[in-house]
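Listed here are the chains, written in short residue letters.
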Amino acid sequence: MSGLPDTPDILRRIIASKVERVQERRRQISASQLESQLADAPPVRGFRAALEARIAVGQAGVIAEIKKASPSKGVLREDFDPAAIARSYARGGAACLSVLTEADFFAGADAHLEQARTACHCPVIRKDFIFDDYQVLEARVLGADCVLLIVAALDDAQLSALYQRARSLGMDVLVEVHDGAELDRALRLGGDLIGINNRDLRSFETTLETTARLAPSVPEGVRLVTESGIHTRDDVATMRARGIDAFLVGEAFMRAESPGDRLAELFD
Ligand SMILES: O=C(O)c1ccccc1NCC(=O)[C@H](O)[C@H](O)COP(=O)(O)O
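What counts, and where the lines are drawn
Residues numbered from 1 in each chain as written. Predicted model: local features only at pLDDT ≥ 70, side-chain atom pairs only at ≥ 80, totals over all residues. Heavy atoms only, no water. Phe/Tyr/Trp six-rings, centres within 6.5 Å; stacked < 30°, edge-to-face > 60°. Helix = DSSP H or I, 4+ residues; strand = E, 2+ residues; numbered from the N terminus. Buried < 20%, exposed > 50% of the residue type's maximum accessible area, 1.4 Å probe, protein only. Polar contact = N/O pair within 3.5 Å; in protein donor to acceptor, adjacent residues only side chain to side chain. Near = heavy atom within 4 Å. Areas by Shrake-Rupley, 256 points an atom, 1.4 Å probe, with all protein chains shown as cover. Nonpolar A, V, L, I, M, F, W, Y, C, P; charged D, E, K, R; others polar. Pairing = 2+ DSSP bridges. Right-handed = clockwise from strand over helix to strand, strands pointing away.

1. What about the packing of aromatic side chains?
Any aromatic ring pair is given by two values, namely how distant the centres are and how the planes are angled relative to each other. Per the counting criterion, the structure on display carries four aromatic pairs. Ring geometry for F247 and F267: centres 5.0 Å apart, planes at 70 degrees, overall edge-to-face. With F247 in strand β10 (residues 246-249) and F267 in helix α12 (residues 259-267), this pair connects stretches of sequence that are 20 residues apart. One exposure class covers both F247 and F267, and it is buried. The exposure class of F267 is buried, given its relative accessible area of 13%. Among the aromatic residues, those joined into a ring-pair cluster are Y89, F247, F253 and F267.

2. Section: the environment of E24
As for its position among the elements, E24 is in helix α1 (residues 9-28). In this structure the side chain of E24 is engaged in a polar contact, spanning 2.9 Å, whose partner is the side chain of R27.

3. Section: the site of the ligand
The local shell around the ligand holds 19 residues, among which E65, K67, S72, S228 and G250 are the closest. In the model, an oxygen atom of the ligand is placed 2.6 Å from a nitrogen or oxygen of the S72 side chain. The separation between an oxygen atom of the ligand and a polar main-chain atom of G250 is 2.8 Å. Relative to its unbound accessible surface of 520 Å², the ligand loses 98% to contact with the protein. Of the residues in the shell around the ligand, the class split is seven nonpolar, six polar and six charged.

4. As for the pairing of strand β6 (residues 146-150)
The side chains of a regular strand alternate between both faces of the sheet. Along β6, five of the five residues are buried, which leaves the element largely enclosed by surrounding structure. Here β6 shows a buried face lined by C146, L148 and I150 and a second buried face lined by V147 and L149. Pairing of strand β5 (residues 124-127) with β6, which is carried by two bridges, proceeds in the parallel orientation. From the neighbouring strand, I125 faces β6, where its bridge partner is C146. As a crossover connection, the stretch from β5 through helix α6 (residues 133-142) into β6 is right-handed. As paired strands, β6 and strand β7 (residues 172-177) are joined by five bridges and run parallel to one another. In the sheet register, V147 faces β7, and the bridge partner there is V173.

Following this line, the structure appears as C-alpha coordinates:
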(Lines give C-alpha, C1' and ligand atoms only; values in the text may rest on other atoms or scores of the structure.)
Protein backbone atom coordinates (compact mmCIF):
# COMPACT_ATOMS: atom_id res chain seq x y z
CA MET A 1 0.00 0.00 0.00
CA SER A 2 1.16 3.52 -0.72
CA GLY A 3 1.72 6.25 1.79
CA LEU A 4 4.39 7.88 3.88
CA PRO A 5 5.21 7.56 7.58
CA ASP A 6 3.16 10.66 8.40
CA THR A 7 0.24 10.11 6.04
CA PRO A 8 -2.94 11.17 7.91
CA ASP A 9 -4.89 8.20 9.26
CA ILE A 10 -8.04 9.05 7.33
CA LEU A 11 -6.06 8.92 4.07
CA ARG A 12 -4.61 5.56 5.05
CA ARG A 13 -8.10 4.21 5.72
CA ILE A 14 -9.51 5.57 2.47
CA ILE A 15 -6.61 4.20 0.45
CA ALA A 16 -6.80 0.81 2.17
CA SER A 17 -10.40 0.49 1.03
CA LYS A 18 -9.45 1.71 -2.45
CA VAL A 19 -6.72 -0.93 -2.76
CA GLU A 20 -9.34 -3.64 -2.45
CA ARG A 21 -11.68 -1.96 -4.91
CA VAL A 22 -8.93 -1.40 -7.49
CA GLN A 23 -7.81 -5.03 -7.17
CA GLU A 24 -11.38 -6.16 -7.78
CA ARG A 25 -11.76 -3.77 -10.70
CA ARG A 26 -8.53 -5.13 -12.23
CA ARG A 27 -9.93 -8.63 -12.04
CA GLN A 28 -12.95 -7.44 -14.00
CA ILE A 29 -11.17 -5.21 -16.53
CA SER A 30 -7.42 -5.60 -17.09
CA ALA A 31 -5.14 -2.61 -17.68
CA SER A 32 -4.64 -3.70 -21.29
CA GLN A 33 -8.40 -3.83 -21.77
CA LEU A 34 -8.64 -0.30 -20.34
CA GLU A 35 -5.87 0.83 -22.70
CA SER A 36 -7.90 -0.47 -25.63
CA GLN A 37 -10.88 1.64 -24.45
CA LEU A 38 -8.90 4.90 -24.54
CA ALA A 39 -9.71 5.41 -28.21
CA ASP A 40 -13.41 5.66 -27.30
CA ALA A 41 -12.92 7.98 -24.32
CA PRO A 42 -14.56 11.41 -24.52
CA PRO A 43 -12.13 14.05 -25.86
CA VAL A 44 -10.25 15.93 -23.15
CA ARG A 45 -11.65 19.31 -22.14
CA GLY A 46 -8.98 21.78 -20.93
CA PHE A 47 -9.35 21.89 -17.15
CA ARG A 48 -6.69 24.46 -16.29
CA ALA A 49 -7.51 26.34 -19.49
CA ALA A 50 -11.10 26.76 -18.30
CA LEU A 51 -9.89 28.26 -15.03
CA GLU A 52 -7.45 30.58 -16.83
CA ALA A 53 -10.15 31.79 -19.23
CA ARG A 54 -12.30 33.00 -16.32
CA ILE A 55 -9.40 34.56 -14.45
CA ALA A 56 -8.19 36.32 -17.61
CA VAL A 57 -11.41 38.34 -17.70
CA GLY A 58 -11.31 39.21 -14.02
CA GLN A 59 -13.58 36.46 -12.72
CA ALA A 60 -12.84 33.80 -10.16
CA GLY A 61 -12.12 30.33 -11.54
CA VAL A 62 -14.51 28.10 -9.60
CA ILE A 63 -14.21 24.32 -9.40
CA ALA A 64 -17.64 23.30 -8.11
CA GLU A 65 -17.71 19.98 -6.32
CA ILE A 66 -20.34 17.23 -6.53
CA LYS A 67 -20.06 15.37 -3.25
CA LYS A 68 -22.89 13.52 -1.44
CA ALA A 69 -21.04 12.94 1.82
CA SER A 70 -17.62 13.23 3.46
CA PRO A 71 -15.76 11.81 6.49
CA SER A 72 -15.74 15.18 8.25
CA LYS A 73 -19.36 16.19 7.69
CA GLY A 74 -21.35 13.03 6.94
CA VAL A 75 -24.20 13.28 4.42
CA LEU A 76 -24.27 16.72 2.84
CA ARG A 77 -27.13 16.35 0.40
CA GLU A 78 -30.06 13.95 0.20
CA ASP A 79 -31.41 15.28 -3.12
CA PHE A 80 -28.35 14.07 -5.01
CA ASP A 81 -28.65 14.07 -8.81
CA PRO A 82 -25.19 14.62 -10.33
CA ALA A 83 -26.55 15.63 -13.74
CA ALA A 84 -28.96 18.18 -12.27
CA ILE A 85 -26.25 19.55 -9.97
CA ALA A 86 -23.84 19.83 -12.91
CA ARG A 87 -26.41 21.78 -14.93
CA SER A 88 -27.04 24.03 -11.94
CA TYR A 89 -23.32 24.67 -11.51
CA ALA A 90 -22.88 25.44 -15.20
CA ARG A 91 -25.76 27.93 -15.06
CA GLY A 92 -24.27 29.46 -11.92
CA GLY A 93 -20.93 30.10 -13.58
CA ALA A 94 -18.66 27.19 -12.64
CA ALA A 95 -15.51 26.96 -14.75
CA CYS A 96 -14.96 23.28 -13.87
CA LEU A 97 -16.53 20.45 -11.88
CA SER A 98 -15.02 18.22 -9.21
CA VAL A 99 -16.78 14.87 -8.86
CA LEU A 100 -16.15 12.51 -5.94
CA THR A 101 -15.96 8.93 -7.24
CA GLU A 102 -14.78 7.39 -3.95
CA ALA A 103 -17.55 5.11 -2.68
CA ASP A 104 -16.86 4.08 0.92
CA PHE A 105 -16.26 7.45 2.61
CA PHE A 106 -17.88 9.94 0.19
CA ALA A 107 -20.76 7.86 -1.28
CA GLY A 108 -19.31 8.62 -4.69
CA ALA A 109 -19.37 6.54 -7.89
CA ASP A 110 -17.77 6.54 -11.34
CA ALA A 111 -21.25 6.96 -12.80
CA HIS A 112 -21.54 10.32 -11.02
CA LEU A 113 -18.63 11.62 -13.08
CA GLU A 114 -20.09 10.30 -16.33
CA GLN A 115 -23.51 11.80 -15.53
CA ALA A 116 -22.08 15.19 -14.57
CA ARG A 117 -19.77 15.41 -17.55
CA THR A 118 -22.53 14.50 -20.00
CA ALA A 119 -24.87 17.12 -18.49
CA CYS A 120 -22.72 20.18 -19.27
CA HIS A 121 -19.61 21.41 -21.06
CA CYS A 122 -17.47 21.99 -17.97
CA PRO A 123 -14.19 20.08 -17.67
CA VAL A 124 -14.22 17.60 -14.80
CA ILE A 125 -11.67 16.47 -12.23
CA ARG A 126 -12.01 12.94 -10.89
CA LYS A 127 -11.87 13.51 -7.13
CA ASP A 128 -10.55 10.21 -5.84
CA PHE A 129 -7.59 8.79 -3.98
CA ILE A 130 -5.09 7.77 -6.59
CA PHE A 131 -2.04 5.59 -5.93
CA ASP A 132 -2.02 3.28 -8.95
CA ASP A 133 -1.44 3.87 -12.66
CA TYR A 134 -4.58 1.84 -13.32
CA GLN A 135 -6.69 4.53 -11.64
CA VAL A 136 -5.24 7.25 -13.88
CA LEU A 137 -6.02 5.20 -16.97
CA GLU A 138 -9.50 4.47 -15.63
CA ALA A 139 -10.11 8.18 -15.01
CA ARG A 140 -9.38 9.03 -18.65
CA VAL A 141 -11.56 6.21 -19.94
CA LEU A 142 -14.37 7.54 -17.71
CA GLY A 143 -13.95 10.97 -19.31
CA ALA A 144 -12.01 12.83 -16.62
CA ASP A 145 -10.09 15.88 -17.80
CA CYS A 146 -8.01 16.16 -14.64
CA VAL A 147 -6.99 13.95 -11.74
CA LEU A 148 -6.07 14.70 -8.15
CA LEU A 149 -2.75 13.64 -6.65
CA ILE A 150 -2.49 14.09 -2.88
CA VAL A 151 1.12 14.72 -1.88
CA ALA A 152 0.53 13.48 1.70
CA ALA A 153 -0.44 10.05 0.42
CA LEU A 154 2.35 9.43 -2.11
CA ASP A 155 6.14 9.26 -2.15
CA ASP A 156 8.09 11.22 -4.77
CA ALA A 157 8.51 8.25 -7.09
CA GLN A 158 4.75 7.57 -7.04
CA LEU A 159 3.95 11.25 -7.51
CA SER A 160 6.24 11.55 -10.51
CA ALA A 161 5.06 8.35 -12.21
CA LEU A 162 1.37 9.12 -11.73
CA TYR A 163 1.86 12.75 -12.77
CA GLN A 164 3.66 11.79 -15.97
CA ARG A 165 1.06 9.16 -16.79
CA ALA A 166 -1.82 11.61 -16.39
CA ARG A 167 -0.05 14.22 -18.51
CA SER A 168 0.74 11.60 -21.18
CA LEU A 169 -3.01 10.97 -21.45
CA GLY A 170 -3.65 14.68 -21.99
CA MET A 171 -5.12 15.34 -18.55
CA ASP A 172 -4.25 18.13 -16.16
CA VAL A 173 -3.21 17.25 -12.62
CA LEU A 174 -4.29 19.04 -9.46
CA VAL A 175 -1.47 18.41 -6.98
CA GLU A 176 -2.84 18.85 -3.48
CA VAL A 177 -0.81 20.02 -0.50
CA HIS A 178 -1.48 21.14 3.07
CA ASP A 179 1.88 22.43 4.37
CA GLY A 180 5.20 23.93 3.29
CA ALA A 181 7.06 20.64 2.95
CA GLU A 182 4.33 19.21 0.73
CA LEU A 183 4.30 22.42 -1.33
CA ASP A 184 8.04 22.09 -1.88
CA ARG A 185 7.53 18.52 -3.09
CA ALA A 186 4.75 19.62 -5.45
CA LEU A 187 6.92 22.37 -6.91
CA ARG A 188 9.89 20.02 -7.35
CA LEU A 189 7.54 17.66 -9.17
CA GLY A 190 6.84 20.45 -11.67
CA GLY A 191 3.18 20.79 -10.78
CA ASP A 192 1.65 23.88 -12.44
CA LEU A 193 -1.81 23.47 -10.88
CA ILE A 194 -1.47 23.23 -7.10
CA GLY A 195 -4.35 22.95 -4.63
CA ILE A 196 -3.86 24.07 -1.05
CA ASN A 197 -6.30 22.14 1.09
CA ASN A 198 -7.35 24.30 4.02
CA ARG A 199 -8.60 21.20 5.82
CA ASP A 200 -6.13 19.49 8.14
CA LEU A 201 -6.82 15.83 7.46
CA ARG A 202 -5.57 14.89 10.95
CA SER A 203 -7.97 17.11 12.88
CA PHE A 204 -10.42 18.16 10.15
CA GLU A 205 -9.79 21.72 11.36
CA THR A 206 -10.30 23.98 8.36
CA THR A 207 -8.83 27.49 8.09
CA LEU A 208 -8.16 29.80 5.15
CA GLU A 209 -4.98 30.80 6.95
CA THR A 210 -3.45 27.65 5.46
CA THR A 211 -3.68 29.16 1.98
CA ALA A 212 -2.70 32.63 3.20
CA ARG A 213 0.44 31.23 4.82
CA LEU A 214 1.57 29.15 1.84
CA ALA A 215 0.50 31.36 -1.09
CA PRO A 216 3.59 33.63 -0.99
CA SER A 217 5.75 30.56 -1.70
CA VAL A 218 3.95 29.73 -4.95
CA PRO A 219 5.89 31.12 -7.96
CA GLU A 220 4.48 32.92 -10.99
CA GLY A 221 3.25 30.51 -13.63
CA VAL A 222 1.80 28.07 -11.13
CA ARG A 223 -1.96 28.31 -10.71
CA LEU A 224 -2.89 28.10 -7.05
CA VAL A 225 -6.32 26.73 -6.08
CA THR A 226 -7.60 27.25 -2.55
CA GLU A 227 -9.65 24.21 -1.44
CA SER A 228 -12.10 23.60 1.42
CA GLY A 229 -13.78 25.88 3.89
CA ILE A 230 -15.01 28.54 1.46
CA HIS A 231 -18.49 29.43 2.78
CA THR A 232 -19.10 33.18 2.48
CA ARG A 233 -18.55 36.17 0.22
CA ASP A 234 -16.05 37.40 2.81
CA ASP A 235 -14.09 34.14 2.45
CA VAL A 236 -13.94 34.73 -1.30
CA ALA A 237 -12.97 38.40 -0.88
CA THR A 238 -10.25 37.51 1.63
CA MET A 239 -8.67 35.05 -0.77
CA ARG A 240 -8.97 37.29 -3.81
CA ALA A 241 -7.42 40.19 -1.88
CA ARG A 242 -4.41 37.92 -1.44
CA GLY A 243 -4.24 37.25 -5.19
CA ILE A 244 -5.90 33.83 -5.11
CA ASP A 245 -8.35 33.55 -8.00
CA ALA A 246 -9.10 29.81 -8.21
CA PHE A 247 -11.38 28.04 -5.74
CA LEU A 248 -12.55 24.48 -5.08
CA VAL A 249 -15.82 24.52 -3.15
CA GLY A 250 -18.08 21.65 -2.10
CA GLU A 251 -20.01 21.80 1.16
CA ALA A 252 -21.27 25.39 0.82
CA PHE A 253 -22.87 24.48 -2.51
CA MET A 254 -24.00 20.96 -1.61
CA ARG A 255 -25.98 22.22 1.36
CA ALA A 256 -27.79 24.86 -0.74
CA GLU A 257 -31.19 24.19 -2.31
CA SER A 258 -29.78 25.43 -5.62
CA PRO A 259 -26.02 24.75 -5.78
CA GLY A 260 -25.63 26.95 -8.84
CA ASP A 261 -27.50 29.87 -7.30
CA ARG A 262 -25.29 29.65 -4.21
CA LEU A 263 -22.23 29.66 -6.46
CA ALA A 264 -23.46 32.80 -8.19
CA GLU A 265 -24.18 34.44 -4.81
CA LEU A 266 -20.69 33.77 -3.52
CA PHE A 267 -18.81 34.67 -6.69
CA ASP A 268 -20.79 37.28 -8.60
O1 LIG B 1 -13.91 16.62 3.48
C2 LIG B 1 -13.46 15.64 4.13
O3 LIG B 1 -13.97 15.22 5.18
C4 LIG B 1 -12.24 14.92 3.62
C5 LIG B 1 -11.66 13.91 4.39
C6 LIG B 1 -10.54 13.25 3.90
C7 LIG B 1 -10.00 13.56 2.67
C8 LIG B 1 -10.57 14.57 1.88
C9 LIG B 1 -11.69 15.23 2.36
N10 LIG B 1 -12.32 16.20 1.62
C11 LIG B 1 -12.09 16.32 0.21
C12 LIG B 1 -11.86 17.72 -0.08
O13 LIG B 1 -10.76 18.10 -0.22
C14 LIG B 1 -13.09 18.60 -0.12
O15 LIG B 1 -14.15 17.83 -0.63
C16 LIG B 1 -12.92 19.81 -1.05
O17 LIG B 1 -11.71 20.48 -0.78
C18 LIG B 1 -14.10 20.77 -0.83
O19 LIG B 1 -14.10 21.17 0.54
P20 LIG B 1 -15.45 21.86 1.15
O21 LIG B 1 -15.77 23.06 0.27
O22 LIG B 1 -15.06 22.26 2.56
O23 LIG B 1 -16.51 20.82 1.09
